[in-house]
Protein chains: 2
Amino acid sequence: MDIQTIRLACINCNVRALCLPIGLSSQELDSIDHLITLRRRVKRNALLFRNGDGLNSLYAIRTGFFKTSVAAVDGLDQVTGFHMAGEMLGLDGIVDNRHTCDAIALEDAEICALPFDRIEELSLSLRSLQHHVHKIMSHEIVRERDVMLMLGSMRSEERLAAFLLNLVHRLRARGLSHSELILRMTRKEIGSYLGLKLETVSRTFSRFVADGIIEAKRRHIDILDANALVRIVNQSERLRPDCIPIARGKER
Amino acid sequence: MDIQTIRLACINCNVRALCLPIGLSSQELDSIDHLITLRRRVKRNALLFRNGDGLNSLYAIRTGFFKTSVAAVDGLDQVTGFHMAGEMLGLDGIVDNRHTCDAIALEDAEICALPFDRIEELSLSLRSLQHHVHKIMSHEIVRERDVMLMLGSMRSEERLAAFLLNLVHRLRARGLSHSELILRMTRKEIGSYLGLKLETVSRTFSRFVADGIIEAKRRHIDILDANALVRIVNQSERLRPDCIPIARGKER
DNA sequence: CGACACCTTGAAGAGGTTCAAGAAATGTGG
DNA sequence: CCACATTTCTTGAACCTCTTCAAGGTGTCG
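A quick note: this is a predicted structure, and the numbers were derived from the prediction, not measured.

Asks: Tell me what's going on with the protein's contact with DNA strand C, and back it up with residues and numbers.
Replies: The environment of DNA strand C is made up of 19 residues, and the closest members are Ser156, Thr200 and Arg203 of chain A together with Ser202 and Ser206 of chain B. The sugar-phosphate share of atoms of DNA strand C within 4 Å of the protein amounts to 65%. Side-chain polar atom of Arg203 of chain A to a base oxygen of DNA strand C: 2.8 Å apart, as the coordinates give it. Here a phosphate oxygen of DNA strand C and a side-chain polar atom of Ser202 of chain B are 2.8 Å apart. Among the elements of the structure, helix 6 (198–210) of chain A together with helix 6 (198–210) of chain B are those that each provide at least two residues to the surface near DNA strand C. When residues of the surface near DNA strand C are assigned to their parent elements, the largest contribution, five residues, is made by helix 6 of chain B. When the residues that make up the surface near DNA strand C are grouped by side-chain class, the tally is two nonpolar, six polar and eleven charged.

Asks: Which residues make up the sheet that holds strand 5 (residues 65–71) of chain B, and what values do they have?
Replies: Read across the sheet, four strands follow the order 3-8-5-6 (chain B) without closing on themselves; strand pairing throughout is antiparallel. In this open sheet, the two edge strands, each paired with only one partner strand, are strand 3 (47–49) and strand 6 (77–84) of chain B. Averaged over all pairs of adjacent strands, the angle between strand axes in this sheet comes to 30 degrees, irrespective of strand direction. One ladder, built from four bridges, connects strand 5 of chain B with strand 8 (residues 102–105) of chain B; its direction is antiparallel. Its bridge partner being in strand 8 of chain B, Lys67 of chain B is matched across the sheet by Ile104 of chain B. Running at roughly 120 degrees to strand 6 of chain B, helix 3 (residues 127–153) of chain A makes contact with strand 5 and strand 6 of chain B of the sheet.

The rules behind these values
Residues numbered from 1 in each chain as written. Chains lettered and ligands numbered in written order. Predicted model: local features only at pLDDT ≥ 70, side-chain atom pairs only at ≥ 80, totals over all residues. Heavy atoms only, no water. Near = heavy atom within 4 Å. Polar contact = N/O pair within 3.5 Å; in protein donor to acceptor, adjacent residues only side chain to side chain. Helix = DSSP H or I, 4+ residues; strand = E, 2+ residues; numbered from the N terminus. Nonpolar A, V, L, I, M, F, W, Y, C, P; charged D, E, K, R; others polar. Pairing = 2+ DSSP bridges. Axes fitted to C-alpha atoms, helices over the stretch in contact; angles between N-to-C directions. Contact = heavy atoms within 4.5 Å.

As structure tokens, this is what we get:
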């Protein structure tokens, strides 16, 4: 394994706002200092954790891009989410004290391992942290529910449009371009996530290109007409705006 | 509104094991006594809460059967879950401090409203309660992910089979029959939950009946060959056993 | 008993999948 | 650094599942 680890306190972390509640008093910051975490690099295609692993820590993504998936015996797997900087991995493992999916880096990444028992311990004295944890978990519930809604009611064009809008929304919230994006995942992985076959994903991309909505050269996507994507997602009128993943990114 | 409310302490509740952690010391039970809850009856078809309502409480179902759904402007809605005694409603509302779905009773029901700020307060001194809350939320994340997997990869027969097995599994855990069940929801609601049209649900039921797997008289379902249902769910070999909703009920 | 909601079934049609082949990147080893 | 193997992506054609539209049946409740 090619993993480099560094011990460090969150108090010195420059992306702390992503994992920890904001507006802590200096007293509270002092106690946060006790939440020593393990920073780790994860190479592209490496597993951060796998289904069945014991849950020791939750993982905050500092940089990089992950997928979570549930693997099948024959090697097939279904992607359950794509995750980028500032998002938390491992929440599904709390129920049974073991991870129930695989987390794989789709590009070289850097994560912080937050020992879960320390989080719980610290939450006892830091009410804002406690509430923050509740919000993060609730947010994940809402995120997954939005995917459920998408899978249950949208057609291929709508799914892909919602997917693209959701991605650029999250990238934009991180200060990146809201028209250009480089996909870190394959068509197959997108299809797996969207409940479509890779051929359907490819065809739908081609249709978007033909309609002048996007430019696409393999993983390099250029969104020419974001409004058209919004119209495609809304055209069904089956969902209200707040059912659409794009309307509720990881942060607001 | 036809709602009857009773103030009472959890310590006297005979289904407390459903909402609260087990194995509390007598000291701890004393503090639980401060978690005064509001017990309430909810009539069939009545809303327990609706999308947009402020989040004051989480709701523990004492008796009865609920659906949660996200409504669309034109009256259509998508069912996001069916919930029975011992399950918790409202977890999705924590992120934004307001509910993001409707909760509707599908039969006369009785719930306990647990003030969320009291839960958080009490969690600060009761570590087992804190952990219990985390587990409940994590469990909901896993439940929804299993639905995602189903919607993303199963065909109609597999979905309905998984749905029936999941229902009887949960009913069985409550001491009810694992072969007979009375559906509290319409074909349309089942379809909405499974991402299918009501006609498809109806046809699939008919096929199961023709194959001798179940007997079905409208809402009254009799499972004659549960193994056949398991085989249908597994036949795809696309999912491991633990991806199937039935394998992970609300309790184990 | 009549109105209404719910369920079943049929036939035609649409959307997505499957199978197949080839093209374009990417990675690897010499 | 180039050649070759591999992975990824695109596109076509036939097929299949689910949907849509339609009609009739069944149960329930005032």
